[in-house]
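Observations on the three-dimensional arrangement
Residues per chain, in single letters:
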Amino acid sequence: MNESAVTEIPKVKTLPDAQEVTEVTHWTDRLFSFRVTRPQSLRFRSGEFVMIGLMGDNGKPLLRAYSIASPNWDEELEFYSIKVPDGPLTSKLQHIQPGDEIILRPKPVGTLVHDALLPGKRVWFLATGTGIAPFASLMRDPETYEKFDEVIMMHTCRTIEELEYGKQLVENLVNDELIGEMVEGKLKYYPTTTREEFHHMGRITDNLENGKVFKDLGIAPMNPETDRAMVCGSLAFNKDVMAVLEGFGLREGANSEPREYVVEKAFVGDGI
Ligand code: FAD
Ligand code: A2P
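Residues numbered from 1 in each chain as written. Chains lettered and ligands numbered in written order. Predicted model: local features only at pLDDT ≥ 70, side-chain atom pairs only at ≥ 80, totals over all residues. Heavy atoms only, no water.

With that settled, consider the site of ligand 1. Near ligand 1 lie 23 residues; those nearest to it are Ala 65, Tyr 66, Tyr 80, Thr 90 and Thr 130. Arg 64 is positioned such that a nitrogen or oxygen atom in its side chain is 2.9 Å from an oxygen atom of ligand 1. In this structure, Val 268 approaches ligand 1 through a main-chain N or O atom, which is 3.3 Å from an oxygen atom. In the complex, the protein chains occlude 85% of the 860 Å² of accessible area that ligand 1 would expose alone. Looking at the shell around ligand 1, the elements with two or more residues in it are β4 (61-67) and β5 (76-82). In terms of residue count, the dominant contributor to the shell around ligand 1 is β4 (4 residues). Among the residues forming the shell around ligand 1, the class breakdown is 13 nonpolar, 7 polar and 3 charged. (Near = heavy atom within 4 Å. Polar contact = N/O pair within 3.5 Å; in protein donor to acceptor, adjacent residues only side chain to side chain. Areas by Shrake-Rupley, 256 points an atom, 1.4 Å probe, with all protein chains shown as cover. Helix = DSSP H or I, 4+ residues; strand = E, 2+ residues; numbered from the N terminus. Nonpolar A, V, L, I, M, F, W, Y, C, P; charged D, E, K, R; others polar.)

Let's shift gears to the packing of aromatic side chains. Tallied over the entire structure, the rule returns 8 aromatic pairs. Each residue in the set Phe 32, Phe 34, Tyr 66 and Phe 79 is aromatic and connected to the rest through ring pairs, giving one cluster. (Phe/Tyr/Trp six-rings, centres within 6.5 Å; stacked < 30°, edge-to-face > 60°.)

Right, let's talk about the site of ligand 2 for a bit. Residues in contact with ligand 2, as listed here, are Thr 128, Thr 156, Cys 157, Arg 158, Thr 194, Arg 195, Arg 203, Thr 205, Ala 236, Phe 237 and Asp 240. With respect to ligand 2, the backbone of Cys 157 contributes an N or O atom lying 3.4 Å from an oxygen atom. Take Thr 194: an N or O atom from its side chain is 2.6 Å from an oxygen atom of ligand 2. For ligand 2, whose free accessible area comes to 550 Å², the fraction covered by protein is 83%. The element best represented in the shell around ligand 2 is helix α8 (residues 235-247), accounting for 3 residues. In terms of residue class, the shell around ligand 2 is made up of 3 nonpolar, 4 polar and 4 charged.

In this section: the environment of Gly 56. By the element assignment, Gly 56 lies in the loop between β3 (49-55) and β4. Its relative accessible area of 13% is what places Gly 56 among the buried residues. Expressed as a C-alpha distance, the spacing of Gly 56 and Leu 89, which sit 33 residues apart in the sequence, is 8.4 Å. What Gly 56 contacts, discounting residues up to four positions off in sequence, is Pro 61 and Leu 62. (Buried < 20%, exposed > 50% of the residue type's maximum accessible area, 1.4 Å probe, protein only. Contact = heavy atoms within 4.5 Å.)

A covalent bond between the sulfur atoms of two cysteines is what we call a disulfide. Inspection of the entire model under this criterion finds 0 disulfides. With no disulfide of its own, Cys 157 lies 12 Å from the sulfur of Cys 232, the closest cysteine sulfur. The buried category is assigned to Cys 157, whose relative accessible area is 6%. (Disulfide = S-S within 2.5 Å.)

Turning next to the sheet that holds β4. In any sheet, the strands associate via hydrogen bonds between backbone groups, in a parallel or an antiparallel arrangement. Taken in spatial order, the 6 strands of this open sheet run β4-β3-β6-β1-β2-β5, and their pairing is antiparallel. At either margin of the open sheet sits one strand with a lone partner, and together these are β4 and β5. Each strand axis lies, on average, 40° off the axis of its neighbour in the sheet, ignoring direction. By the bridge criterion, 7 bridges tie strand β2 (residues 31-37) to β5 in an arrangement that is antiparallel. Residue Leu 31 lies in a different strand from β5, and its bridge partner there is Ile 82. (Pairing = 2+ DSSP bridges. Axes fitted to C-alpha atoms, helices over the stretch in contact; angles between N-to-C directions.)

Extensive coverage of β2 is indicated by the burial of 6 of its 7 residues. Direction of pairing for strand β1 (residues 18-26) relative to β2: antiparallel, over a ladder of 5 bridges. Note on β2: the bridge partner recorded for His 26 is Phe 32. Between β1 and β2, which follow one another and run antiparallel, lie 4 residues.

Following the criterion strictly, the structure yields 16 salt bridges and no others. Among the ionic pairs, Arg 105 bridges to Asp 17, the shortest N-O distance being 2.8 Å. Of this pair, Arg 105 sits in strand β6 (residues 101-109) while Asp 17 sits in the segment before β1, placing them 88 residues apart in sequence. Its relative accessible area of 26% is what places Arg 105 among the partly exposed residues. (Salt bridge = Lys/Arg side-chain N within 4 Å of Asp/Glu carboxyl O.)

Okay, here's the thing in structure tokens:
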């Protein structure tokens, strides 16, 4: 056979809105992150979420909301995911490999965006569990450091291993070619655990209310004149943090009405 006659057959996309998985990292038996190709036309604001998923057994797309964890300048898209053992989507999604396809509806939305906050001096990113995903995007966005003098990332999980994705992300940021210099001295990372011994412990709500985080970081308490906040966790966490923020005099904002803080659910349900 004449070899020059052999032409490469382009890979056929088998799913609607298909994107190809390029990388998968398993962090714990409950958590993994993955990267996929980015649709050329997809523009998003750091902090927004999209619907992603797989084809269900019934031949219909099985989609769930996912925060985009990568910044808007990244060529690819990153996601950070829970593995729910009998979850309709994640029981399957946790098995994806590079080269596989996922469905990604290119319609980003969400409230954890800079546009929904009034200008300020400090911004607080408050997250539990996979709620760190939108902040993985925002922490890597130059706009965050252009808009604020100080960025404080509080992330709380039950155990140390659950903090690892965020820890590595912050460590890599400082050495990042594009944004490393902007981040240095501005980003303060305050991870805590609640059910395993660690150098800093306690719920975000408690560490704000009793002033421990201000003392540990050597910074002034929250003040509605200077401080802005973005919150992402379970419904119960969001509700309790909102009460604490209101106690400091901050008010909830939205895209249509920017104020001092904004909130997004990290998932729907009571948690597992
Ligand atoms: P589901 O039937 O959707 O959920 C089953 C149960 O698992 C839920 O009732 C809840 O108790 C629990 N659960 C679901 N998601 C989580 C979670 N993230 N952490 C802890 N418990 C959970 N999930 C992510 O993993 N990463 C994200 O970036 C992310 N972003 C989201 C953004 C928004 C705006 C919303 C509303 C949800 C987001 N979720 C995210 C949750 C996601 O949409 C799915 O619920 C999750 O992928 C599980 O899907 P499932 O079909 O396997 O189980
Ligand atoms: P705790 O261990 O004290 O419950 P989960 O794994 O249940 O989603 O929780 C993730 C983290 O969020 C845990 O460290 C948990 O602390 C904390 N958390 C859960 N609910 C709240 C809440 N209502 N307020 C503050 N922190 C919370």
